[in-house]
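Single-letter residue listing:
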Amino acid sequence: MDRIKVGVVTASDRASAGIYDDISGVAIMDTLKEYLQNELEFLYRCIPDEQNEIEIALKELAHDEGCDLIVTTGGTGPAPRDVTPEATEAVCQKMMPGFGELMRQVSLQYVPTAILSRQTAGICHKSLIINLPGKPKSIRECLDAVFPAVPYCIDLIGGRYMVTDENVITAFRPKGK
């Protein structure tokens, strides 16, 4: 079974300054450990809400580290310092707008302010980058919604083969794949 490299990027001025613990980045890692049976190698970054720093981290994780999946948390709202989607778009060769559309649709079932979220996803080199919201509960809701498509997307871009724990979440792959 392939070993999967996962980049986890928390964009938060306060968490990166040590003002509070990064529970969102931990929530992503815990969720992916539940979803996947593969051995996982997490490459973690907690950085300020600075577009340039986010772009550098994403490029490093995609190009230099060869992550199959890069998941970000934070910086997806409308506030002036929320720039994670802009950083993602700047480094990606292809955008995958369906991820953000589905995440907002699911989140709207819980909070009317989900329309303020600007989550997106895209392909950088051979990595799928997914922007998630900053709250652990929302992270899980969004990942539950989009993750069934993630392993096949990673197959299509030349990444390593992900095996999900079918008792937790089922990956969709077309018949014969």
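Small disclaimer: the values here were computed from a predicted structure and weren't measured.

(A) Main features of the packing of aromatic side chains. In the structure shown here, the tally under the stated rule is one aromatic pair. Taking 4.8 Å as the distance between ring centres and 45° as the angle between the ring planes, the aromatic pair formed by Tyr 35 and Phe 147 counts as tilted. Here Tyr 35, found in helix H2 (residues 23-35), pairs with Phe 147, found in the loop between helix H6 (136-146) and helix H7 (150-156); they are 112 residues apart in sequence, far enough to count as distant. Residue Phe 147 is classed as buried on the basis of its relative accessible area of 1%. The ring of Tyr 110 carries the charged tip of Lys 137 above its face, separated from the ring centre by 4.6 Å. Stacked on the ring of Tyr 161, the Lys or Arg Arg 173 has its end atom at 3.9 Å from the ring centre.

(B) View of the environment of Ser 138. On the secondary structure map, Ser 138 appears in helix H6. Along the chain, Ser 138 and Tyr 110 lie 28 residues apart, while their C-alpha atoms are 9.0 Å from each other.

(C) The arrangement of unusual backbone geometry in detail. Of note in this structure, His 125 is not a glycine but carries a positive phi near 60°. Among the structural elements, His 125 can be located in the loop between strand E5 (121-124) and strand E6 (127-132). Exposure remark for His 125: the relative accessible area of 43% places this residue in the partly exposed category.

(D) Inspection of the pairing of strand E3 (residues 69-73) at higher detail. With five of its five residues buried, E3 lies for the most part within the structure. Covered by surrounding structure in E3 are Leu 69, Val 71 and Thr 73 together with Ile 70 and Thr 72, the residues of both alternating faces. Taken together, the five bridges between strand E1 (residues 4-11) and E3 define a ladder with parallel strand orientation. Residue pairing for E3: Val 9 is matched across the bridge by Thr 72.

(E) How the structure looks around the pattern of salt bridges. Across all of its chains, the model carries 12 salt bridges by this definition. The closest approach of N and O atoms between Arg 3 and Glu 39, which form a salt bridge, is 3.1 Å. Of this pair, Arg 3 sits in the segment before E1 while Glu 39 is found in the loop between H2 and strand E2 (40-47), placing the two residues 36 residues apart along the sequence. For Glu 39, a relative accessible area of 51% corresponds to the exposed category. For Asp 144, the salt bridge goes to Arg 140, with nearest N and O atoms at 3.0 Å. With Asp 144 and Arg 140 both in helix H6 and four residues apart, this pair spans about one turn of that helix. Residue Asp 144 is classed as partly exposed on the basis of its relative accessible area, which comes to 37%. Arg 140 gets classed as partly exposed once you look at its relative accessible area, which sits at 25%. Here the salt bridges do not stand alone but share partners, grouping Arg 3, Glu 39 and Glu 41 into one network.

(F) Layout of the sheet that holds E1. Strand order across the open sheet formed by six strands is E2-E1-E3-E6-E5-E4, with mixed pairing between neighbours. Both outer strands of the open sheet, E2 and strand E4 (94-95), are each paired with one neighbouring strand and no more. Pairing geometry for E4 and E5, over two bridges, is antiparallel. Looking across to E5, one finds that Lys 94 is bridged to Ile 123. Each of E1, E2, E3, E5 and E6 is contacted by helix H3 (residues 51-64), which is oriented at about 165° to E2, the strand it contacts most.

Calculation rules
- Throughout this description, residue numbers start from 1 for each chain and increase along the sequence as written.
- Only residues with pLDDT of at least 70 are given local features in this predicted model, and only at 80 or more are side-chain atom pairs given and counted; all residues enter the totals for whole chains, interfaces and linings.
- Note: side-chain values were computed over all heavy atoms of the structure, leaving out hydrogens and water.
- Each Phe, Tyr or Trp ring, with Trp reduced to its six-membered ring, pairs with another whose centre is within 6.5 Å; inter-plane angles below 30 degrees give stacked pairs, above 60 give edge-to-face pairs, and intermediate values give tilted ones.
- Segments assigned H or I by DSSP are reported as helices when at least four residues long, segments assigned E as strands when at least two residues long, and all are numbered from the N terminus.
- A 1.4 Å probe rolled over the protein chains alone gives each residue an accessible area, and that area as a share of the maximum for its type sets the label: buried under 20%, exposed over 50%, partly exposed in between.
- Charge over a ring is defined by NZ of Lys or CZ of Arg lying within 6 Å of the ring centre and within 35 degrees of the ring normal.
- When DSSP finds two or more bridges between a pair of strands, those strands are recorded as paired.
- Salt bridges are defined by distance alone: a side-chain nitrogen of Lys or Arg within 4 Å of a carboxyl oxygen of Asp or Glu.
- Contacts are assigned to residue pairs with any non-hydrogen atoms lying within 4.5 Å of each other.
- Between N-to-C directions, angles span 0 to 180 degrees; the directions come from axes that are lines fitted to C-alpha atoms, helices contributing only their stretch in contact.

Any functional reading would require information beyond the geometric quantities listed.
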